[in-house]
Structure formats: structure tokens, C-alpha cells
Amino acid sequence: MAKFIEEFKEFALKGNVMDMAVGVIIGGAFGKIVTSIVGDLIMPPINYMLSGANASSLKYVLRPGVEEKVNDAGEVIVKGVEEIAITYGAFIQNCLDFLIIALIIFFMVKGIAKLSSLRKKKQEEVAAPEPEPAPTKEEVLLTEIRDLLKNK
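Basis of the calculations
- Residues numbered from 1 in each chain as written.
- Predicted model: local features only at pLDDT ≥ 70, side-chain atom pairs only at ≥ 80, totals over all residues.
- Heavy atoms only, no water.
- pLDDT = per-residue confidence, 0-100.
- Helix = DSSP H or I, 4+ residues; strand = E, 2+ residues; numbered from the N terminus.
- Salt bridge = Lys/Arg side-chain N within 4 Å of Asp/Glu carboxyl O.
- Buried < 20%, exposed > 50% of the residue type's maximum accessible area, 1.4 Å probe, protein only.
- Expected span 1.5 Å × (residues − 1).

Side note on the confidence of the model for the protein chain
- The predicted model of the protein chain has a mean per-residue pLDDT of 81, with 95% of residues at 70 or higher.
- Averaged over each element, pLDDT in the protein chain is lowest for strand 3 (residues 76-78) (75) and highest for strand 4 (residues 84-86) (90).

So this is what it looks like as C-alpha cells:
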């Protein structure tokens, strides 16, 4: 049992597992932000442009519901029946949400990649060695003299 606990402790405290845990937590928080952007900022103007129609309320009723009727004595006269409907509007709303979320994430990833490349380019400029200075006239003259002496 002690060996199992030791192996589990080693596994759980590895860098990859900790990085993954942080990623899952941040991903959950990021998901809430993106869902809020879609639901609270993007969809209201779209619903307004569609004359207040909300796609999630669209449905095809297979069997209409019947409200339960009770007489004055409290006895049930007509038993209530629940509505049966295909709520295709919810499917359309989820597809719209997915497309908008995918678009937002695409732009965010693209922006982060652009910032990352700019930072990398700036680091390369700082780390790039300066070119060697051009030789002075004396050095050029001495090099020519040396080359002439070698040829003789």
C-alpha cells in the first residue's frame, strides 16, 4: 500500500499533471467568460434585429398540452397532459452559440499568436549579435601586403 501511495504522489506532483490541472481550471473560467460574451453581449443585439424572436423558443408541437381542470369541489374534471414538442430552436441556438464561440476563440488565439510572434521577434532583435565593424584602412592595407608576400 505504501508503494501505491508513493507512486500516486509521484504521479500527481509531476509537472505535466499540475500544468493540466491549471489548464482545466483556467479553461473552465475562460468558458464562463466566453459563454457570457455570447449570451449577454452578442445574442441580445441579434435577437433585437430578429424583432425579438429568440431561436431557442422555436418548436414543432407533436401533441399540444392540456391544462388540468378542477371543479369547485377540487375534483379533477380533465386530467392535464404535458405538451410533446420537438424543440429545434434550442438546437439552432446551440449551433449559433458554437459558431460565435468558435469565432471568438479563433480571434483570441490569432491575437495571442500575433503578440507571441512580436515578442519573439523583439527578443531576437535584442539577442542578435552586432555585426563586426568594417576593417580600418590600415587593416585592409596590411591584409593586402600580407597576401602579396604570400604569393611570392
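Structure shown, so let's carry the discussion forward.
Remarks on the pattern of salt bridges
- Tallied over the full model, the rule gives two salt bridges.
- When the shortest N-O distance is used, the salt bridge between Glu83 and Lys59 registers 2.7 Å. Within this pair, whereas Glu83 is found in the loop between strand 3 and strand 4, its partner Lys59 is found in the loop between helix 2 (15-49) and strand 1 (60-63), the two being separated by 24 residues in sequence.
- Residue classification places Glu83 among the partly exposed residues on the basis of a relative accessible area of 35%.
- Judged by its relative accessible area of 38%, Lys59 is partly exposed.
- A salt bridge links Asp147 to Arg146; the nearest nitrogen and oxygen atoms lie 3.3 Å apart.
- By relative accessible area, Arg146 is classed as partly exposed at 45%.

Structural notes on helix 3 (residues 88-127)
- Over its 40 residues, helix 3 extends 58 Å from the first C-alpha to the last, a length consistent with the 58 Å expected when each residue adds 1.5 Å.
- Among the residues of helix 3, those classed as buried are Gly89, Gln93, Ile100 and Ile104.

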